[in-house]
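Coordinate inspection notes
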Amino acid sequence: MEGVNQIQVREEIGLTFATGLRSILRQDPDIIMIGEIRDLETAQIATRASLTGHLVLSTLHTNSAVESISRLFDMGIEPFLLSSSVVGVVAQRLVRRVCRDCGEYQQLSSRESGIFEKHQIPISQVKRGSGCPSCNNTGYRGRLAIHEVLVVDEQVKELILNKASLADIKKHMYKHGYCTLLEDGLLKVADGLTTTEEILRVATDE
């Protein structure tokens, strides 16, 4: 792609995420994409780069969007740096899509009824694939993503700065329409795009 430069990490010659990132910053890029933040040094450089006007995109292994905040805390990033640099976090999981050719609506099981009722999602039927040549008799064909989005507004910044608990951050987010991975997945089940089993495979009911 024009205007994009990519560097492959080669730890055997000392080209790690951190050393590569230092070299990239000397060239004053507009946007930096880091494959993964996995240690304190990389996290510190990425955080400071964002504070100097660079848009930094990266991945982080956590169970949810909110947990990425505590993960960076655990790595050793100071709260004042984190509150000033993070603007948003998106958690994503991929689930299988119900086959369009053999998908049929069925009644909810008692367990499904309880799950949807708990999350206040009105639904009377779910769509499942019975299996056909198009989906190799699996009932699924293709994939789609479910998401959880944490927007770091002024109040979230204040909570991060005060090293608030995940429960406190979640409480604030729920007041502003926060949707967990599970809830987004259940909404997609209600739309007939995937199944409850697929959602529960990748998202937990906290």
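Throughout what follows, the structure given in this document is the object of discussion.

Thresholds, definitions, all that
- Residues numbered from 1 in each chain as written.
- Predicted model: local features only at pLDDT ≥ 70, side-chain atom pairs only at ≥ 80, totals over all residues.
- Heavy atoms only, no water.
- Helix = DSSP H or I, 4+ residues; strand = E, 2+ residues; numbered from the N terminus.
- Buried < 20%, exposed > 50% of the residue type's maximum accessible area, 1.4 Å probe, protein only.
- Contact = heavy atoms within 4.5 Å.
- Areas by Shrake-Rupley, 256 points an atom, 1.4 Å probe, with all protein chains shown as cover.
- Lys, Arg positive; Asp, Glu negative; His and termini not counted.
- Charge placed at Lys NZ, Arg CZ, Asp CG, Glu CD.
- Phe/Tyr/Trp six-rings, centres within 6.5 Å; stacked < 30°, edge-to-face > 60°.
- Lys NZ or Arg CZ within 6 Å of the ring centre and 35° of its normal.
- Patch = residues over 30% accessible without salt bridge, like charges linked within 9 Å, V, L, I, M, F, W, Y side chains within 5 Å.
- Salt bridge = Lys/Arg side-chain N within 4 Å of Asp/Glu carboxyl O.

Moving on, we come to the overall build of the protein. Counting secondary structure elements, the protein contains nine helices and six strands. On the principal axes, the C-alpha backbone points of the protein span a range of 60 × 40 × 30 Å. When each of the 206 residues of the protein is scored for burial, the buried share is 40%. Residue pairs in contact within the protein that sit at least 24 positions apart in sequence constitute 67% of those at least 6 positions apart. As displayed, the protein has an accessible area near 12,400 Å², and 48% of this comes from carbon and sulfur atoms. Side chains of the protein carry 23 positive and 27 negative charges; the gap between the two charge centres is 3 Å.

This brings us to the packing of aromatic side chains. Each aromatic ring pair is characterised by the separation of its centres together with the angle its planes make. Summed over the entire model, instances satisfying the criterion amount to one aromatic pair. Judged by centre distance (5.7 Å) and plane angle (70°), the rings of Y174 and Y178 are edge-to-face. Residue Y174 is classed as partly exposed on the basis of its relative accessible area of 42%. Lying over the aromatic face of Y140, R96 brings its terminal NZ or CZ to 4.0 Å of the ring centre. We note K163 situated over the ring of F73; from NZ or CZ to the ring centre the distance is 5.3 Å.

Together, I31, M33, L55 and L57 give the surface a local cluster of nonpolar side chains, amounting to about 420 Å² of exposed area. Going through the elements one at a time, β1 (31–34) and β2 (55–58) are the ones with two or more residues in the nonpolar patch. Position of L57 relative to the elements: it lies in strand β2. With relative accessibility at 39%, the residue L57 sits in the partly exposed group.

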